[in-house]
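Each chain, letter by letter, is given below.
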Amino acid sequence: MRCVSYTRTTSCKNTKKIPSDIIQQQNEHIQNYIQSHGWKLVAKYSDRKKDENENTAFEEMTADGINRKFDMVVVDSVDRCGKYISCAEDVLVKTFFPAGLHFAIVQSDFCSIGKSREEIDEYFRKEKIAVQVKSMREYAIREQVEGYYTVHDEKYGYILSEDRKELIVEEEAAKIVREIFQMTLAEISIKKIVAILNERGEESPMVHNARVGHKHWPHYENKWSEGALRRILECTAYDGYWQKTINGEVCTLSITPILDEGVFEQARRLIKSRTTTDNIIGGKPGPYVRKIYDEATGKPLYLRNFRSGDVAFVFNPQMSELPKKRKIYIEEAKVTEAVKNAISLEMDMAEKMKAYLQTEKMQQLLQKETQQYSEKAWMIFQEMEQVEKDRIPLYEKFRDYEIGQTEYQEKKEEIQAQLQMYENDFEGLMDRLANMKKAYSEENEWIKTFQREELPEKLESQHVKKWVDKIIVSDLRDVHVYLTMQNWKNYFPEEWMEE
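Think of each chain on its own: its residues are numbered from 1, step by step along the sequence as written. In keeping with the model being predicted, local features are shown solely for residues with a pLDDT of at least 70 and side-chain atom pairs are shown and tallied solely at 80 or more, while totals for entire chains, interfaces and linings include all residues. Side-chain measures were taken over the full set of non-hydrogen atoms in the model, leaving aside hydrogen atoms and water.

(A) Up close: the packing of aromatic side chains. By convention, a stacked pair of Phe, Tyr or Trp rings (six-membered ring in the case of Trp) has centres within 6.5 Å and planes under 30 degrees apart, an edge-to-face pair has planes over 60 apart, and any other such pair is tilted. Overall, the coordinates contain 19 aromatic pairs when judged by the stated rule. Look at Phe-398 and Tyr-408: their rings are 4.3 Å apart centre to centre, the planes differ by 10°, and that puts the pair in the stacked class. Highlighted residues: Phe-398 in helix 12 (residues 391-399) and Tyr-408 in helix 13 (residues 405-439), separated in sequence by 10 residues. The cut-offs for exposure are 20% and 50% of the maximum accessible area for each residue type, with area from a 1.4 Å probe on protein chains only; residues under the lower value are buried, those over the upper are exposed, and the others partly exposed. By relative accessible area, Tyr-408 is classed as buried at 13%. Centre to centre, the rings of Trp-446 and Phe-492 are 6.1 Å apart; their planes meet at 55°, and the pair counts as tilted. With Trp-446 in helix 14 (residues 445-449) and Phe-492 in the loop between helix 16 (486-489) and helix 17 (494-498), this residue pair connects regions lying 46 residues apart in the sequence. A network of ring pairs unites the aromatic residues Tyr-440, Trp-446, Trp-488, Tyr-491 and Phe-492 as a single cluster. We call a charge positioned above a ring when the Lys NZ or Arg CZ atom is no farther than 6 Å from the ring centre and deviates by at most 35 degrees from the ring normal. Here the guanidinium or amino end of Lys-115 rests over the ring plane of Phe-110, the centre of that ring lying 5.1 Å away. Numbering of helices and strands starts at the N terminus; helices are DSSP runs of H or I of at least 4 residues and strands are runs of E of at least 2.

Structure, rendered in structure tokens:
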């Protein structure tokens, strides 16, 4: 096997710092790889200039390969095989491989010998995606460091400026924000404020941002929720500052306040000081505070310890004794028994799923899911690649005076905005992939939460908080227990749970 090597100083991954001995490093890796396979190195090709456009040795190697002067080319990494990965693909895959010439990538331990064209195409597809994702992330970080904001930084009451250098007050929503804080200071409850906004038909934050903002949102129902209102009441931006992670560091950024000075802190203190009627046992909060509700009315049930010795859940927290004729309560023991049974069964299921993690069936499912994510990533990558291609003709038109500076800058910003949108899609996809891989491992939050352990005779608040999401009681008779971490459980096929 007559082997040649190709080395290169610059990388298509745009690494800012190039080691002074980068060529030597590549040669050592390649030499060790060739020796381990018993091949013979007959020639070396190397583009040593610190110029990303330098390609003399690569073109020479291509010509010699076409003339059959060697049988295989070995490179240290695919990102240092020509100016771009697409160059490496054109030569190694589309020119050499069909002609019977093979190639090997040392760092990936990938060799074309014995590989099908489909396997080789898949390898290059993944490598191109990896380079593109890295480039996109570096671009996003660079923009953040330079002080640019993205559409994801827009908040209810603020909108992105044209130059993306600041978030400016969007008065239509700002007016609602001020009103929400004024109602809070007037001691109107969050639930009542939500009802007022919905009765008036005010646009919810999601619907409003979809209409006036720059981000493409999916369709949302125009309905305010307590969660949305609480997020507004906790958003420090309205007080003139907010925090954002930039290049791994949490930074506090200034922003034009929407509220008058002192209003935000005053509202926050008021909310914190508010007391609610909790589930009571002997005057102390019980373990089921804000966890148990009546199905028909949606109202909370309260735990009472009566003088008679009975312990039960009732509608009225002020009830002093249980009625003798009409049953308007449910025994605490019955609820606790249902909760313990639900937790115990969930622990059994979690233990079974933990054993599944090591099976071939699980590995096949993981491979299938990963492939689906890979295909989605490839589709986004292709769309990005098309947008990237639009840059060259745009610049050529500007260079040849076919379009002016203003039009060129506008179209360039459009392309950058499109790329940013795809980059955000990529990041979301990669986050979902990471969660999926975590779900199919012992780091799955559901498996960790419901690891087998002995349940205490008496459930305390920390136990209920850990395992129970909510409890719904039907007709003060039937108890339905909804447990925590179910989103991590839902990654597994339903039929596995039934086996």
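Read on, since the account is not over.
(B) Representation of the side chain of Ser-5 in the model. Along the chain, Ser-5 turns up in strand 1 (residues 2-8). Judged by relative accessible area, Ser-5 falls into the buried class, the value being 2%.

(C) Local environment of the sheet that holds strand 4 (residues 102-105). Pairing between strands is defined by DSSP: at least two bridges between them are needed. Spatial ordering of the open sheet is given by 2-1-3-4-5, a layout of five strands whose pairing is mixed. This sheet does not close on itself; its edge strands, each paired only once, are strand 2 (40-47) and strand 5 (110-111). As judged from the seven bridges shared by strand 1 and strand 2, these two strands associate in the parallel manner. By the bridge assignment for strand 2, Cys-3 is matched with Leu-41.

(D) Structural context of helix 8 (residues 226-234). Along helix 8, the residues classified as buried are Ala-228, Leu-229, Ile-232 and Leu-233. Down the axis, helix 8 shows its buried residues gathered within 135° of arc, on one side only. Exposed side chains of helix 8 directed beyond 90 degrees from the buried face belong to Arg-231 and Glu-234. The directions from the helix axis to the C-beta atoms are what the arc is built from.

(E) The side chain of Glu-170, seen in detail. Within the secondary structure layout, Glu-170 lies in the loop between strand 7 (167-169) and helix 5 (171-185). Arg-211 is the oppositely charged side chain nearest to the buried, salt-bridge-free Glu-170, at an N-O distance of 6.1 Å. Only 2.6 Å separates the side chain of Glu-170 from the side chain of His-208, close enough to count as a polar contact. When checking whether two residues touch, look at their non-hydrogen atoms; a contact exists if any pair is within 4.5 Å. Apart from residues no more than four positions distant in its own chain, Glu-170 is found in contact with Gly-157, Tyr-158, Ile-159, His-208 and Val-212. Charged residues are defined here as Lys and Arg on the positive side and Asp and Glu on the negative side; His and the ends of the chain fall outside this count. Think of a salt bridge as a Lys or Arg side-chain nitrogen and an Asp or Glu carboxyl oxygen that are within 4 Å of each other. N or O atoms within 3.5 Å of each other form a polar contact, as long as, within protein, one can give a hydrogen and the other can take it, and as long as residues adjacent in sequence are counted only when both atoms are side-chain atoms.

(F) Geometry of the state of the cysteines. Pairs of cysteine sulfur atoms within 2.5 Å are identified as disulfides in what follows. Considering all chains together, one arrives at zero disulfides under this definition. We note that Cys-81 lacks a disulfide partner, and the nearest cysteine sulfur, in Cys-87, lies 8.9 Å from it. Free cysteine: Cys-235, not disulfide-bonded; nearest cysteine sulfur from Cys-251 at 17 Å.

(G) Structural detail: helix 9 (residues 263-273). When helix 9 is considered as a whole, its buried residues turn out to be Val-263, Phe-264, Ala-267 and Leu-270. Take helix 9 and look down its axis: the buried residues cluster within an arc of 130°, on one side only. Exposed residues pointing more than 90 degrees away from the buried face of helix 9 are listed as Arg-269 and Lys-272. Considering only its buried residues, helix 9 is in contact with helix 5 and helix 8.

(H) Local environment of the sheet that holds strand 16 (residues 468-474). Read across the sheet, three strands follow the order 12-16-17 without closing on themselves; strand pairing throughout is mixed. On the outer flanks of this sheet lie strand 12 (292-294) and strand 17 (478-483), each paired with one strand and no other. Here the strands of the sheet are splayed against their neighbours by 25° on average, with no regard to which way each runs. Sheet topology places strand 12 next to strand 16; three bridges connect them, and they run parallel. For Tyr-293, the partnering residue across the bridge sits in strand 16 and is Ile-472. Whenever a helix is involved, its axis is fitted only over the stretch in contact; in every case the axis is a line through C-alpha atoms, and angles between N-to-C directions fall within 0 to 180 degrees.

(I) The UniProt feature "coiled-coil region" (unreviewed entry) in the protein chain, seen in detail. UniProt positions are given in the numbering used here, feature names are shortened, and annotations may be inferred rather than shown by experiment. According to UniProt, the feature "coiled-coil region" (unreviewed entry) maps to residues 405-439 in the numbering used here. For residues 405-439, the end-to-end C-alpha separation is 51 Å, with 100% helix and 0% strand making up the annotated structure.

(J) View of the packing of helix 6 (residues 190-200) against helix 8. Two elements in contact, helix 6 and helix 8, have axes separated by 9 Å at closest approach and are oriented at 110°. It follows from the interaxial angle that helix 6 and helix 8 lie roughly perpendicular. Of the residues in helix 8, those touching helix 6 at Ile-190, Lys-191, Ile-193, Val-194 and Leu-197 are Glu-226, Leu-229, Arg-230 and Leu-233. Basically, the charged four are Asp, Glu, Lys and Arg, the nonpolar ten are Ala, Val, Leu, Ile, Met, Phe, Trp, Tyr, Cys and Pro, and anything else, Gly included, counts as polar. Here the residues of the contact of helix 6 with helix 8 are counted per class, giving six nonpolar, no polar and three charged. Convention used here: angles under 35 degrees read as roughly parallel, angles over 145 as roughly antiparallel, angles from 65 to 115 as roughly perpendicular, and any remaining angle as oblique.

(K) The arrangement of a negative patch on the surface in detail. Together, Glu-162, Asp-163, Glu-166, Glu-407, Glu-410, Glu-413 and Glu-414 give the surface a local cluster of negative charge. Within the element layout of this structure, Asp-163 appears in the loop between strand 6 (158-160) and strand 7. Asp-163 gets classed as partly exposed once you look at its relative accessible area, which sits at 46%. Patch definition: residues above 30% relative accessible area lacking any salt bridge, with like charges linked at up to 9 Å and the nonpolar side chains Val, Leu, Ile, Met, Phe, Trp and Tyr linked at up to 5 Å. Surface accessibility follows the Shrake-Rupley procedure with a 1.4 Å probe radius. Residue values consider only the protein chains on display as shielding. The atom standing in for a charge is NZ when the residue is Lys, CZ when it is Arg, CG when it is Asp and CD when it is Glu.

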